[in-house]
Amino acid sequence: GSVDALDAALVGCRACPRLVRWREEAGRVKRRAYLDWTYWARPVPGYGPPDAALAVVALAPAAHGGNRTGRMFTGDPSGDLIYAELYALGLASQPTAVARGDGLALRGVRITSPVHCAPPDNKPTTAERDTCRPWLAHEMDLLRPTLRAVVVLGGFGWQALLPVLAAAGWALPRPRPVFGHGARVPLRSADGTGELLLLGSYHPSRRNVSTRTVTPAMIGEVLRAGAVAAGL
Ligand code: SF4
């Protein structure tokens, strides 16, 4: 299988009834600023090259962001922040992300999320996280030959990713590493042949940014550490 084939299969997924309703409802009601948009209203695949050395694992698409544009982190303030920081690091071809086909290309980094459909209040349930896990596991398997570092944005993504990494043969420290901004966990594959650096960053959600729990500079620092570890 290829990442393209994975993405093509993903967009047809309807496994979570609550999220299927929510993503489609957002596309019917729309937000006033986007009335002339035909919302994507389907699962949003990861974005970036299939041979990425760095993965960014977020939370879930926003109802009027990725769920509208059909591209990860595209069309909402959190994404504006992330792409501006990736551009500053030379990992994105432009600092803005508006729509599919806007010319944005990523270098060496792929952005994905543990839940691929927009959830109410940006809060997926643990059952939805678990239902979506095989997609993340498959994507991580496909990236594995080139992957050197993962930046996880937020505790939800951290909790979702750890079991995926464990199942893929990465030896996780015990007790399980705790999420935090700046968390840094070097992992070795159980057979000793591979290395992966796991990094934690607070999520650039509107609330985290407006309360200055996290700043663009703080997120940029973690992304830079990921890029360095990934050799980018
Ligand atoms: Fe499918 Fe994941 Fe969307 Fe659930 S969240 S419907 S598992 S793509």
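Residues numbered from 1 in each chain as written. Predicted model: local features only at pLDDT ≥ 70, side-chain atom pairs only at ≥ 80, totals over all residues. Heavy atoms only, no water.

## Looking at the overall build of the protein chain
- For the protein chain, the count of helices and strands is eight helices and six strands.
- Along the protein chain, from the amino end to the carboxyl end, the secondary structure elements read α-α-β-α-α-β-α-β-α-β-β-β-α-α.
- For the protein chain, whose C-alpha radius of gyration is 17 Å, the value lies close to the compact-globule estimate of 17 Å for 232 residues.
- If you line up the protein chain on its principal axes, its C-alpha atoms span 50 × 35 × 35 Å.
- Counting only residues that meet the buried cut, the protein chain has 53% of its 232 residues in that class.
- Here the contacts in the protein chain between residues at least 6 apart in sequence split such that 68% fall between residues at least 24 apart.
- Accessible area for the protein chain stands at about 10,500 Å²; split by element, carbon and sulfur atoms hold 54% of it.
- When the 27 positive and 18 negative side-chain charges of the protein chain are each reduced to one mean point, those points stand 4 Å apart. (Helix = DSSP H or I, 4+ residues; strand = E, 2+ residues; numbered from the N terminus. Rg over C-alpha atoms; globule rule 2.2 N^0.38 Å. Buried < 20%, exposed > 50% of the residue type's maximum accessible area, 1.4 Å probe, protein only. Contact = heavy atoms within 4.5 Å. Areas by Shrake-Rupley, 256 points an atom, 1.4 Å probe, with all protein chains shown as cover. Lys, Arg positive; Asp, Glu negative; His and termini not counted. Charge placed at Lys NZ, Arg CZ, Asp CG, Glu CD.)

## Some words on the sheet that holds strand β5 (residues 184–189)
- One open sheet holds the six strands; their spatial order is β2-β1-β3-β6-β5-β4, and the pairing between them is mixed. Bordering the open sheet on either side are β2 (109–112) and β4 (170–171), each of which pairs with just one other strand.
- With five bridges joining them, strand β3 (residues 149–153) and strand β6 (residues 195–201) adopt parallel strand pairing. Pairing of Val-150 across the sheet is with Leu-198, part of β6.
- Sitting on the sheet, helix α5 (residues 126–143) touches β1 (54–57) and β2, and the angle it makes with β2 is about 175°. (Pairing = 2+ DSSP bridges. Axes fitted to C-alpha atoms, helices over the stretch in contact; angles between N-to-C directions.)

## Thoughts on the environment of Gly-192
- Secondary-structure assignment places Gly-192 in the loop between β5 and β6.
- Here Gly-192 falls in the partly exposed class, since its relative accessible area comes to 40%.
- Each C-alpha atom, one on Gly-192 and one on Ala-171, is 9.1 Å from the other, the two residues being 21 residues apart in sequence.

## Things to note about the pairing of β1
- Of the two faces of β1, the one carrying Leu-54 and Val-56 and the one carrying Ala-55 and Val-57 are both buried.
- Here four bridges tie β1 to β2, and the two strands are oriented parallel to one another. What sits directly across from Leu-54, in β2, is Val-109.
- Where β1 and β3 come together, four bridges link them in parallel fashion. Pairing of Val-56 across the sheet is with Val-151, part of β3.

## What to know about the nonpolar core
- Of all hydrophobic cores here, the largest spans 32 residues; its most connected members are Tyr-83, Leu-86, Leu-106, Ile-111 and Val-151.
- Counting only elements with at least two residues in this core, the list comes to β1, α4 (77–88), β2, β3, β6 and α8 (216–229).
- Look past the residues within four positions of Tyr-83 in its chain and what remains in contact with it is Tyr-47, Met-72, Phe-73, Thr-74, Ala-92, Gln-94, Pro-95, Ala-97, Leu-104, Leu-106 and Ile-111. (Core = buried A, V, L, I, M, F, W, Y, C linked by side-chain atoms within 4.5 Å.)

## Describing the packing of aromatic side chains
- Applying the stated criterion to the full structure yields two aromatic pairs.
- Here Trp-158 and Phe-179 contribute two aromatic rings whose centre-to-centre distance is 5.6 Å and whose plane-to-plane angle is 65°, an arrangement assigned as edge-to-face. On the criterion of sequence distance, the pair formed by Trp-158 in helix α6 (residues 155–167) and Phe-179 in the loop between β4 and β5 is long-range, its members being 21 residues apart.
- Relative accessible area serves as the criterion here: at 1%, Trp-158 is assigned to the buried category. (Phe/Tyr/Trp six-rings, centres within 6.5 Å; stacked < 30°, edge-to-face > 60°.)

## A few points about the packing of α5 against α6
- The contact between α5 and α6 brings their axes to 10 Å, and the two run at 60°. By the angle class used here, α5 and α6 are oblique. Regarding α5 and α6, the two cross each other, and that crossing is right-handed. Within the contact between the two elements, α5 uses Arg-129, Arg-133, Leu-136, Ala-137 and Met-140 and α6 uses Phe-156, Gln-159, Ala-160, Leu-161, Pro-163 and Val-164.
- Class assignment for the residues of the contact of α5 with α6 results in eight nonpolar, one polar and two charged. (Parallel < 35°, antiparallel > 145°, perpendicular 65-115°, else oblique. Left-handed = near helix turned anticlockwise from the far one by under 90°. Nonpolar A, V, L, I, M, F, W, Y, C, P; charged D, E, K, R; others polar.)

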